[in-house]
Amino acid sequence: MAAKKASSSGQAWFCTTGLPTDVVIEVGDMSFHLHKFPLMSKSRKLHQLIADGEEDDEIEEVEEDFQHIALPDFPGGADIFEAAAKFCYGVKVEITACSVAALRCAAEYLEMTEEFAEENLVAKTERFLDQSVLRSSRDSVKALKSCENLHTMAEDLGLVQRFVDSITALASATADLSSLSGRAVATLWNGIDYGIRRKNGVRTPAIASAAAADSWFDDLATLGLPFYKRVISAMKDKDLSADVIECSLISYAKRSIPGLSRSNRHQTNANTAAATSASHPMPSETEQKELLETIINNLPHSNKKISSCSSGQFTTRFLFGLLRTANILRASEDSRTVLERKIASHLEHATLDDLLMPSYSYLVETLYDVDCVERILSYFLEELEATAATADSANDGSEEGLQMCNDENKLLMAGKLMDLFLSETASDANLKPDKFCDLAQALPAMARAFDDGLYRSVDVYLKAHPRISDEERERVCRVMDYQKLTLEACTHAAQNERLPLQAVVQVLFFEQLQLRRAIAGTLMATEASEHEEESTQASATNERRERGAWKAPSAIRENQVLRLDMDSMRSRVKGLESECSVLRKAIERMDRRAAASSRGMLVRRLGCKFSTQVCVSHHRTVVAPRKSHRTTTEMN
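Keep in mind it's a predicted model, so treat the numbers as computed, not measured.

Turning our eyes to something else, we now look at the overall build of the protein. Scanning the protein from N- to C-terminus turns up 26 helices and seven strands. Out of the 636 residues belonging to the protein, those deemed buried represent 39%. Restricting the contact set of the protein to residue pairs at least 6 apart, pairs at least 24 apart contribute 69%.

In this section: a positive patch on the surface. A cluster of like positive charges, contributed by Lys 585, Arg 589, Arg 592 and Arg 593, occupies part of the molecular surface. With respect to the helices and strands, Lys 585 occurs in helix H25 (residues 554-606).

What follows deals with the environment of Lys 145. Assignment of secondary structure puts Lys 145 in helix H6 (residues 137-146). Between the C-alpha atoms of Lys 145 and Ala 97, which are 48 residues apart in sequence, the distance is 9.7 Å. Contacts of Lys 145, omitting those with residues within four sequence positions, involve Thr 222, Leu 223 and Gly 224. Within the local environment of Lys 145, its side chain forms a polar contact with the side chain of Glu 148, the two groups lying 3.1 Å apart.

A word on a negative patch on the surface. A cluster of acidic residues, Glu 114, Glu 115, Glu 118 and Glu 119, forms a negative patch at the surface. For Glu 115, a relative accessible area of 66% gives the class exposed.

What follows deals with helix H3 (residues 77-88). Look at H3: 17 Å from first C-alpha to last across 12 residues, which is about the 16 Å you get at 1.5 Å a residue. Once H3 finishes, Gly 90 follows within two positions and takes phi at roughly 85°, a positive value.

Okay, the confidence of the model for the protein next. The predicted model of the protein has a mean per-residue pLDDT of 76, with 68% of residues at 70 or higher. This stretch, residues 180-210, has a pLDDT under 50; its non-local contacts, to residues over four places away or in other chains, come to 46 contacts.

Once that is clear, we can look at the pattern of salt bridges. For side chains of opposite charge, pairing can occur when their charged atoms come near one another. Scanning all chains against the criterion turns up 18 salt bridges. Residue Arg 336 pairs with Glu 333 through a salt bridge whose shortest N-O separation is 3.2 Å. Of this pair, Arg 336 and Glu 333 both sit in helix H16 (residues 333-345), three residues apart, which is roughly one turn of the helix. On the basis of relative accessibility, which here comes to 22%, the residue Arg 336 falls in the partly exposed class. The network of salt bridges with common partners includes Arg 104, Glu 108, Glu 126, Asp 130 and Arg 162.

How each quantity is defined
- Residues numbered from 1 in each chain as written.
- Predicted model: local features only at pLDDT ≥ 70, side-chain atom pairs only at ≥ 80, totals over all residues.
- Heavy atoms only, no water.
- Helix = DSSP H or I, 4+ residues; strand = E, 2+ residues; numbered from the N terminus.
- Buried < 20%, exposed > 50% of the residue type's maximum accessible area, 1.4 Å probe, protein only.
- Contact = heavy atoms within 4.5 Å.
- Patch = residues over 30% accessible without salt bridge, like charges linked within 9 Å, V, L, I, M, F, W, Y side chains within 5 Å.
- Areas by Shrake-Rupley, 256 points an atom, 1.4 Å probe, with all protein chains shown as cover.
- Salt bridge = Lys/Arg side-chain N within 4 Å of Asp/Glu carboxyl O.
- Lys, Arg positive; Asp, Glu negative; His and termini not counted.
- Charge placed at Lys NZ, Arg CZ, Asp CG, Glu CD.
- Polar contact = N/O pair within 3.5 Å; in protein donor to acceptor, adjacent residues only side chain to side chain.
- Expected span 1.5 Å × (residues − 1).
- pLDDT = per-residue confidence, 0-100.

So, in structure tokens, the structure goes:
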């Protein structure tokens, strides 16, 4: 048998067996010119339709060369009917994972069952499903994807649920295998090459499994949202690993939500983007919002560890991308809160670029969304408190100490990140002093080993806001702890004209304390070294004198150098003390002048002439005796 498509109208299909065709079946816009006998021998439905058509023709006494049958709602369209027709003619039909569901529906539609024919299409498709498709996660995903065009028939036959159950069961088995195989299979879900065991320079099968897992996630991301939601729901019902669910959600979001990652915008090839847009049309804003909220609501709530599908930095970048998209699409408040709490649990892996989220609200004047960052910090501190309380209740000393050390590291990393964020946002002209101070004081003091980064932020803010009042300037400077500034920062701050005078005085005072401590430490080290050197020299003096090789030890020269250094440091301290005394006197003079000017202004405002006249007359009475006394003296 040979089949070909004629070009008479561009929509006809002919069966060329050497015999004239006697039935035309229309499926969609395609006309199939076939023979009645092969169709009637394999399909109960076609047998009934052809028989009914012949009876009608006999009743109406109509003689036609062709009998016309229309199948407008045929599942799978013309391509699937072509495969079913070939099966009726005994031609070998190639069944794939993408076509098996449609062929199964077509067989049910045409009633090509075992009751009608021993060799039937229903049995053939069922064997292929059991032996091939349902044993492979990728094939199950492809088959489930093909059910999207079959309307409700695939659902009525139970095909959709069978594919969903197969995907879930195979994913669970793979996750269990990865948990039992150690670190070599721990990269099953990310494909990263580190930690992979090699033998004779050849990769172990874990890499092949990792590549298969990645491709499986990509295949799952091709599903439409309704079927994908069913798969995720089935995974949760089966208590599948949170890592697998999170990895699948990340892959699905990256494929379905445009512009989710900043790096993807620059790395995407134009040809790849065009091909993607052709096969997957751009979803509308409403569809994107529904998709985004679905992904957010299905994210695992466990924050104990980073998902193994990627590094912590990648997961945090993905979460920030979701939050940025949620702000653009104006997602629900609950969805944004879930994201902010999830980000707070991974804040130590965030970067400055992640925190610099533009503000999309017309009610916020700042360039970046500082309110969102402040909320993330509050959730971060809440989680640290919760983990500390859990460690205390465990009553395990070693575990509690390890948890405290881990929390301290997280705090220090968050402090460095916030210093970078403050330095970047301090130049924003719309950032109010109160908001700057709230951000700077959002973390506890132990989050910063030194306040040099905070001083840099304060300096940038004062430079960008020269017109703030003196009170606001002093409040901004109070966010720093001057005792935690290094000598380099103190030297810079002492010469910084933008700092208030009181802040400069405190900086000089603590710089002097640091110098004194350094000198004291140097003196103690010198005394200890001299004592040790004297004891060493006393034991070796006799031997050196006997040999006649007495020489001045190098330690004496080192001590002389140390004394010179101490002398220079003492002179430096004296200079700083003199500068501090001059500053104190200047402050006292300014205070006296301010008090005198205030009293003068009070007198002028009262306008009391009588007191002025009394003062003048008193002045005159005092001067007159002085003149008379001088005259008396000259006379004498």
